[in-house]
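Notes for the structure review
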Amino acid sequence: WSYKTNYMNAVCNSFHQEGSWAEVVSGFEYQKALNNGVPGNKIIFNGPDKTEAELKVAIANNSMIHIDHLDELYLIKEIAVESNKKPRVAIRVNMDTGVYPMWDRFGFYYENGQAWDAINKILLNDKMELVGLHAHIGTFMLTPSAYGMAASKLSHLALEIKKKYKKSVQYIDMGGGFASKNTLKGS
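Residues numbered from 1 in each chain as written. Predicted model: local features only at pLDDT ≥ 70, side-chain atom pairs only at ≥ 80, totals over all residues. Heavy atoms only, no water.

Following the sequence through the fold, Asp68 ends up in the loop between strand S3 (64-67) and helix H4 (70-83). Using a relative accessible area of 2% as the deciding quantity, one classes Asp68 as buried. A polar contact is formed between the side chain of Asp68 and the side chain of Lys50, at a distance of 3.3 Å. Leave out the neighbours within four places in its chain, and Asp68 touches Asn46, Gly47, Pro48, Lys50, Arg92, Phe106, Gly107 and Phe108. (Helix = DSSP H or I, 4+ residues; strand = E, 2+ residues; numbered from the N terminus. Buried < 20%, exposed > 50% of the residue type's maximum accessible area, 1.4 Å probe, protein only. Polar contact = N/O pair within 3.5 Å; in protein donor to acceptor, adjacent residues only side chain to side chain. Contact = heavy atoms within 4.5 Å.)

Our next topic: helix H2 (residues 27-35). All of the buried residues in H2 are Gly27, Glu29, Tyr30, Lys32 and Ala33. Buried residues along H2 sit against helix H1 (9-17), strand S1 (22-24), strand S2 (43-45) and helix H3 (52-60). Of the residues trailing H2, Gly37 is marked for its positive phi of about 85 degrees.

Our next topic: unusual backbone geometry. Glycine aside, negative phi is the norm for most residues, and most peptide bonds take the trans geometry. We note that Asp126 has phi near 60 degrees; this positive angle belongs to a residue other than glycine. One can find Asp126 in the loop between helix H5 (114-125) and strand S6 (129-136). Residue classification places Asp126 among the exposed positions, given a relative accessible area of 52%. With a phi angle near 55 degrees, Lys166 is a residue other than glycine that sits in the positive phi range. Considering the arrangement of structural elements, one finds Lys166 in the loop between helix H6 (144-165) and strand S7 (171-175).

Here H5 crosses H6 at 40 degrees, and the two axes come no closer than 12 Å. By the angle between their axes, H5 is oblique relative to H6. For the pair H5 and H6, the crossing hand works out as right-handed. Residue-level contacts link Ala115, Trp116, Ile119, Asn120, Leu123 and Leu124 of H5 to Leu157, Glu160, Ile161, Lys164 and Tyr165 of H6. Of the residues assigned to the contact of H5 with H6, the class counts are eight nonpolar, one polar and two charged. (Axes fitted to C-alpha atoms, helices over the stretch in contact; angles between N-to-C directions. Parallel < 35°, antiparallel > 145°, perpendicular 65-115°, else oblique. Left-handed = near helix turned anticlockwise from the far one by under 90°. Nonpolar A, V, L, I, M, F, W, Y, C, P; charged D, E, K, R; others polar.)

What follows covers the pattern of salt bridges. For the structure on display, the rule yields seven salt bridges. The partner of Glu72 in a salt bridge is Lys50, and the shortest N-O contact between them spans 2.6 Å. Of this pair, Glu72 sits in helix H4 while Lys50 is found in the loop between S2 and H3, placing the two residues 22 residues apart along the sequence. We classify Glu72 as buried; its relative accessible area is 2%. Because the salt bridges share partners, they merge into one network encompassing Lys50, Asp68, Glu72 and Arg92. (Salt bridge = Lys/Arg side-chain N within 4 Å of Asp/Glu carboxyl O.)

Set out below in structure tokens:
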């Protein structure tokens, strides 16, 4: 359950009672998930602005962390060395899905090799466990084929990881917003 969608305790707990994990994008949401009884290993910590203190808590709780940029990758590696823990991580991948303007605020670019470079940095240093790949292709998506393109590119990365490193990623997380009758497009 994405806490940014609605983080009222009653709503979150309804989803958790049905087995949903928590996907959070801030320290506030992370703490809220813990307070709602979500075990750390069932929290996915997403978002581009995680602090060192927040990352330390997430690593101590064995949460999955989606890495958005190289600074974060290096900081997680430092924390892993200091804490003698092996954080579970995924990388956020940006890509051309045929929808323009391209959603490119965060993540590692697929087309120019940044995503593969980040994967190599994670898998070659053995301080983190790469468990997933993540993409958020945009908000108010009108073209279902964009999800097909994203799935194809993330699947290609997963297959290349298996081929080169003999390692399978555990999940592919695809995000973005299907169009609805809300006012978001006009905003």
